[in-house]
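# Structural description and commentary
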Amino acid sequence: MIRWGIAGTGGFASSVAATLEWMSEAELVAIASSHHDELRILGDLHGVPSARRYSSYEALAADDEVDLIYVATPASHHFEHTVLFLTAGRGVVCETPFGLNEAQAAAMVAAARAEGRFLMETSARNLPVYVRLREVMASDAIGEVVAFSSDYGYAVRDRDDPWLDPARGGGALLRQGVYPLSLASMLLGTPERVTALGAIGDTGIDEHVAVLTSHSGGATAAVTASLRTHLTRTARISGTRGSITVPGLITAPTTLVVQGGDRYGRLDLPFDREGGRSVPGAGFHHQVRHVHRRLRDGHLDSDIMPLDESQSIMRTLDTVRAQIGARPT
Ligand SMILES: NC(=O)c1ccc[n+]([C@@H]2O[C@H](COP(=O)([O-])OP(=O)(O)OC[C@H]3O[C@@H](n4cnc5c(N)ncnc54)[C@H](OP(=O)(O)O)[C@@H]3O)[C@@H](O)[C@H]2O)c1
């Protein structure tokens, strides 16, 4: 049985708590937040003992009966909390983005390696759509990938929204672009070249960004991210013999469309059903099982969301921000 703790009590923390409560091989034993009411509500809902509803993140870090902590605090705190937990001897699954910049990502990786603790950036790559996508790619059904395109955007209307606040990890790249850029990285590897155009808001952050990357073999990726408009949040992969479309939300996909030659296939692959029954928690159980499997096999990282790759994705974000003149994070 692996004992989990959760840092934060927001929407993602609630989903993770529901998943952990449902799973027989995991146990949610502790949570932390500075808001007493939020702690009480989440703790009552998922049976976390009162004594282990911590009002400080340091107290959660010090709990020796927690094996792994899911960091679901704002992006501005991913680095601080991840390093706090790792150096206290806990393993960590950190929400995306993996820190605010490459330096923070590198420091998190270094802390995990120095402490000999598990670390992974949370990822949709464990969901059935992406498992099948990798199988389709490996089968050579669409040939060699030539072009990838994806966008991710949500129009933020309230100028006080944290997504526009540099102090709270705001910016189109950290909030939106990181997801399609991660998908491009999964499919094409680390970019050889990165070129970007963008619009900067009055707080100095990137509010609208278009990124072009080139990869070994000549493949290209085109990614748009925005806090000024709603974008489709879908993805298209074009190969020498066919194409694949992820027609729904790329962070929570349920369908894959594969076209090769004269064949057309639409695969429905829900992430929240198992044995004909619905599973709570937005598909997070796939990731928990992956983490448990890696630990059981003696690994301290993920092979489908490797730490070096999480770091290289943050490097791409830094490069884009520098090119478009956004304030460094
Ligand atoms: N993977 C995805 O698709 C995806 C999508 C959206 C967001 N995310 C990530 O998920 C994370 C959590 O998002 P969410 O919407 O569940 O959480 P949220 O509503 O932003 O809640 C954040 C939690 O962090 C805690 N926190 C600690 N320090 C804080 C501070 N200085 N300011 C505000 N809150 C602070 C809050 O509790 P206390 O203040 O009480 O301590 C709260 O419980 C974010 O980091 C975001 O990057 C991922």
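Residues numbered from 1 in each chain as written. Predicted model: local features only at pLDDT ≥ 70, side-chain atom pairs only at ≥ 80, totals over all residues.

Our next topic: the site of the ligand. The environment of the ligand is formed by 19 residues, the closest being Gly-8, Gly-10, Phe-12, His-35 and Thr-73. With three residues, helix H1 (residues 11-22) is the single largest residue contributor to the shell around the ligand. Grouping the constituent residues of the shell around the ligand by class yields five nonpolar, 12 polar and two charged. (Near = placed C-beta within 6 Å. Helix = DSSP H or I, 4+ residues; strand = E, 2+ residues; numbered from the N terminus. Nonpolar A, V, L, I, M, F, W, Y, C, P; charged D, E, K, R; others polar.)

A few words now on unusual backbone geometry. Cis geometry is found at the peptide bond from Thr-96 to Pro-97, where omega equals 5°. Its location among the elements puts Pro-97 in the loop between strand E5 (91-94) and helix H5 (102-115). Residues other than glycine seldom take positive phi values, yet Asp-140 does so here, at roughly 70°. Among the structural elements, Asp-140 can be located in the loop between helix H6 (128-138) and strand E7 (145-153). In the Ramachandran plot, Arg-233 falls in the positive-phi region, its phi being about 60° despite a non-glycine side chain. Taking the number of C-beta atoms within 10 Å as the measure of exposure, Arg-233 has 21 and is therefore buried. (Buried ≥ 20, exposed ≤ 12 C-beta atoms within 10 Å, placed from the backbone.)

If you trace the backbone, Thr-19 turns up in helix H1. Judged by the 25 C-beta atoms lying within 10 Å of it, Thr-19 is buried. Remark: the alpha-carbon pair of Thr-19 and Ala-282, spanning 263 residues in sequence, is separated by 8.0 Å. Contact partners of Thr-19, with chain neighbours within four places excluded, come to Pro-280, Gly-281, Phe-284, His-285 and Val-288. (Contact = placed C-beta atoms within 7 Å.)

Orientation of helix H4 (residues 78-87) relative to H5, taken along the N-to-C sense of each, is 5°, at an axis distance of 9 Å. Viewed along their axes, H4 and H5 adopt a mutual orientation that is roughly parallel. Between H4 and H5, the contacting residues are Phe-79, Thr-82, Val-83, Leu-86 and Thr-87 on the first element and Gln-104, Ala-107, Met-108, Ala-111, Ala-112 and Glu-115 on the second. (Axes fitted to C-alpha atoms, helices over the stretch in contact; angles between N-to-C directions. Parallel < 35°, antiparallel > 145°, perpendicular 65-115°, else oblique.)

Looking now at the sheet that holds strand E8 (residues 193-200). An order of E8-E9-E10-E7-E11-E12-E13-E14 is seen for the eight strands of this open sheet, with the pairing classed as mixed. This sheet does not close on itself; its edge strands, each paired only once, are E8 and strand E14 (263-268). Strand-to-strand twist of the sheet, defined as the mean angle between neighbouring strand axes without regard to direction, takes the value 10°. Relative to strand E12 (residues 242-246), strand E11 (residues 235-239) runs antiparallel, the two sharing four bridges. Counterpart to Ala-235 in the pairing with E12 is Val-246. (Pairing = 2+ DSSP bridges.)

A few words on the domain arrangement of the protein chain. Domain annotation of the protein chain identifies domain 1 (2-123) and domain 2 (125-268 + 302-324). Put simply, the middle of domain 1 and the middle of domain 2, counted by C-alpha atoms, are 26 Å apart. In this complex, domain 1 contributes 17 residues to the contact, which on the side of domain 2 involves 16 residues. For the side of domain 1 that touches domain 2, the secondary-structure elements that each account for two or more residues are H5 and strand E6 (119-121). Broken down by class, the residue content of the side of domain 1 that touches domain 2 amounts to 10 nonpolar, five polar and two charged. (Domains from an automatic or database assignment.)

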